[in-house]
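Structural features, examined
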Amino acid sequence: MPVINTRYLAIALVLLATQVLTLHLLGQPWMSASGQILIWANSPLSPETSQQFADWYSLSHIVHGLLFYALLRLCCPRLKLGVWLLLAMGLEIAWEIAENTPMVIEAYRKQALAIGYTGDSILNSLMDTLMMALGFLFASRAPAGVSIALGLGLELLAGFAIRDNLTLNILNFLISVPFIEKWQAGYALTAVFLAPGPLGSQRDIPALAPAAKLADKAPMTRNLPAALAFCLLALPAMAEARVVLQNAWFRALPAGLPAGGYFTLRNNGAQRVVLTGAQSAACGMLMLHQSSNSGGTSSMAHVTSVDVPAGGSVAFAPNGYHLMCAEPKPEMKPGASVAVTLLFQSGEKLTANFAVRNAAGR
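Residues numbered from 1 in each chain as written. Predicted model: local features only at pLDDT ≥ 70, side-chain atom pairs only at ≥ 80, totals over all residues. Heavy atoms only, no water.

The secondary structure content of the protein chain amounts to 11 helices and 10 strands. Split into buried and exposed, the 362 residues of the protein chain put 50% on the buried side. With an accessible surface of roughly 17500 Å², the protein chain has 66% of that area assigned to carbon and sulfur atoms. (Helix = DSSP H or I, 4+ residues; strand = E, 2+ residues; numbered from the N terminus. Buried < 20%, exposed > 50% of the residue type's maximum accessible area, 1.4 Å probe, protein only. Areas by Shrake-Rupley, 256 points an atom, 1.4 Å probe, with all protein chains shown as cover.)

The calculated volume of the second largest pocket comes to roughly 320 Å³. If you trace the second largest pocket, you find 17 residues lining it, with Leu-66, Leu-67, Ala-70, Ser-147 and Ile-148 closest to the centre. Breaking the lining of the second largest pocket down by element, the ones donating at least two residues are helix H2 (58–75), helix H6 (144–162) and helix H7 (166–174). Looking at side-chain class alone, the lining of the second largest pocket contains 12 nonpolar, 3 polar and 2 charged residues. (1 Å grid on protein atoms, 1.4 Å probe; cavity = no way out; pocket = protein on both sides within 12 Å on 5 of 7 lines; lining within 4 Å. Points joined across faces, edges and corners; volume = space filled by probe spheres on them. Nonpolar A, V, L, I, M, F, W, Y, C, P; charged D, E, K, R; others polar.)

Packing of H2 against H6 brings their axes to within 10 Å, and their N-to-C directions diverge by 160°. On the basis of their axis angle, the class for H2 and H6 is roughly antiparallel. The two elements H2 and H6 cross, and the hand of that crossing is left-handed. Contacts between H2 and H6 pair Leu-59, Ile-62, Val-63 and Leu-66 from the former with Ser-147, Leu-150, Gly-151, Leu-154, Glu-155, Leu-157 and Ala-158 from the latter. When grouped by side-chain class, the residues that make up the contact of H2 with H6 number 8 nonpolar, 2 polar and 1 charged. (Axes fitted to C-alpha atoms, helices over the stretch in contact; angles between N-to-C directions. Parallel < 35°, antiparallel > 145°, perpendicular 65-115°, else oblique. Left-handed = near helix turned anticlockwise from the far one by under 90°. Contact = heavy atoms within 4.5 Å.)

A contiguous nonpolar patch, built from Ile-170, Leu-171, Phe-173, Leu-174 and Ile-175 and spanning about 460 Å² of accessible area, is present on the exposed surface. Among the secondary structure elements, Leu-174 is positioned in helix H7. (Patch = residues over 30% accessible without salt bridge, like charges linked within 9 Å, V, L, I, M, F, W, Y side chains within 5 Å. Salt bridge = Lys/Arg side-chain N within 4 Å of Asp/Glu carboxyl O.)

Moving on to helix H3 (residues 81–98). The terminal C-alpha atoms of H3 lie 26 Å apart, and with 18 residues this matches the ideal 26 Å at 1.5 Å per residue to within 8%. Turning to H3, its buried residues are Trp-84, Leu-86, Ala-88, Met-89, Glu-92, Ile-93, Glu-96 and Ile-97. (Expected span 1.5 Å × (residues − 1).)

Let's shift gears to the packing of H2 against H3. Between H2 and H3, whose axes approach to 10 Å, the crossing angle comes to 130°. By the angle between their axes, H2 is oblique relative to H3. The chirality of how H2 crosses H3 is right-handed. Contact with H2, carried on its side by His-61, His-64, Phe-68, Tyr-69, Leu-72 and Arg-73, involves Leu-81, Trp-84, Leu-87, Ala-88, Leu-91, Glu-92, Trp-95 and Glu-96 of H3 and no other residues of that element. A class-by-class count of the residues in the contact of H2 with H3 yields 9 nonpolar, 2 polar and 3 charged.

On to the pattern of salt bridges. Pairs can form between side chains of opposite charge whenever their charged atoms are close. Per the counting criterion, the structure on display carries 1 salt bridge. A salt bridge links Arg-272 to Asp-307, with the nearest nitrogen and oxygen atoms 2.5 Å apart. One end of the pair, Arg-272, is in the loop between strand S2 (259–267) and strand S3 (273–279); the other, Asp-307, is in strand S6 (residues 306–308), with 35 residues separating them in the sequence. The exposure class assigned to Asp-307 is partly exposed, which follows from its relative accessible area of 40%.

So, about the environment of Thr-22. By secondary structure assignment, the location of Thr-22 is in helix H1 (residues 3–25). Thr-22 sits in the partly exposed class, given a relative accessible area of 23%. When the C-alpha atoms of Thr-22 and Ile-122 are compared, they prove to be 9.7 Å apart, with 100 residues separating the residues in sequence.

Under the definition given, this model contains 8 aromatic pairs. Where Trp-249 meets Tyr-262, the ring centres are 4.9 Å apart and the plane angle is 50°; that geometry is what we call tilted. Note that Trp-249 is positioned in strand S1 (residues 243–251) and Tyr-262 in strand S2, a separation of 13 residues in sequence. For Trp-249, a relative accessible area of 13% puts it in the buried group. Between the aromatic rings of Phe-263 and Phe-316, the centroid separation amounts to 4.3 Å while the plane-to-plane angle is 15°, which identifies the pairing as stacked. Note that Phe-263 is positioned in strand S2 and Phe-316 in strand S7 (residues 313–316), a separation of 53 residues in sequence. Owing to a relative accessible area of 2%, Phe-263 belongs among the buried residues under this scheme. Grouped by ring-pair contacts, the aromatic residues Phe-250, Phe-263, Phe-316, Tyr-321 and Phe-354 constitute a single cluster. Geometry around Trp-249 places Arg-357 over its ring, the cationic atom sitting 4.6 Å from the centre. (Phe/Tyr/Trp six-rings, centres within 6.5 Å; stacked < 30°, edge-to-face > 60°. Lys NZ or Arg CZ within 6 Å of the ring centre and 35° of its normal.)

What follows concerns H2. In a regular helix each residue adds 1.5 Å, so 18 residues correspond to 26 Å; H2 covers 26 Å between its end C-alpha atoms and thus fits that length. Among the residues of H2, those classed as buried are Ser-58, Leu-59, Ser-60, His-61, Ile-62, Val-63, His-64, Gly-65, Leu-66, Phe-68, Tyr-69 and Leu-72.

Taken residue by residue, the protein chain gives an average pLDDT of 81. The fraction at 70 or more is 81%. For residues 188–223, every residue scores under 50 in pLDDT, and the model assigns this stretch 61 contacts once sequence neighbours within four places are set aside. Residue range residues 230–241 is modelled with pLDDT below 50. Its contacts to residues more than four positions away, or to other chains, number 26 contacts. (pLDDT = per-residue confidence, 0-100.)

All right, on to the state of the cysteines then. What the rule picks out here adds up to 1 disulfide. Across the disulfide, Cys-283 is cross-linked to Cys-325 (sulfur-sulfur distance 2.1 Å). Looking down the S-S bond of the Cys-283 and Cys-325 bridge, the torsion is -115°, so its handedness is left-handed. Linking Cys-283 in strand S4 (residues 283–294) with Cys-325 in strand S8 (residues 321–328), this pair joins segments that are 42 residues apart in sequence. Between Cys-75, a cysteine without a disulfide, and Cys-76, which holds the nearest cysteine sulfur, the sulfur-to-sulfur distance is 5.7 Å. Cys-75 sits in the exposed class, given a relative accessible area of 52%. Using a relative accessible area of 24% as the deciding quantity, one classes Cys-76 as partly exposed. (Disulfide = S-S within 2.5 Å.)

Shown next, in the form of structure tokens:
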């Protein structure tokens, strides 16, 4: 191997080592907290997203590579391909580090599809860099028109499948666009079915049964072909989504004290819905509670149901309705996210990730 290539390789390894060390110092885990190692994590609201080898957001990193190649070829035409690749890796790794800082993580959590986002695992972050490199190398060998078509195709595919992509991600990060937030929030009702697990069942919405069977029979439960087929078959159910959960979080208290769960439940349908309970593996018991103040005396009581009127919403907030997580498990800690399934009188279920904050709500 020529000496120059060996130097390129050494620099690339130093960049990757810097990425790993910095993420480790930032407190990011090496792999998913579940202990699973998956090739593909399908649902953007699943705790496995940004923790495994690949997910829908991996497509945006391929687009990064296409864009970095075009940018470097335009700005630095006299440099060699190997130098361009190292510069692209530097840009990608700088972003991977930045997006795992507390400030950026908190900014992402304001987006409808990232409420429970806690940053990337080191495994996932390294794979994001690899995806960028694949996109870069593809662009270096393909005609410009093909690279442009690929980039647009990946953006449209991700937008169709999960209502998010690189373009929307950047837009939501910079400004708040209400109609986009509402459109993305509508994904929440079906997200549980795209990532089958112990808290969700594809049986809850009959329209998804064919897709569920297809995914179950796939050689790998999170592989891309099954995911694409699932999205196509799930479109009717997505269109009918009427209950949306937003701004979901828990306030974790020290010494194993009960944690309070807060969120807003919006009913876009023409009939009222009735919330009757909730479940979470992160709680020994999870109950619906209501706090009230009468004559200067505060009290809290268990409630069996909460009505959400047609076209209306109910806020679960301090000093009002809330979830009471008794006997919280170790995973109920600030900075983490936990899955919660809401149960309705109709038999439907809605699962979403709740961000866990500290006693001050941060």
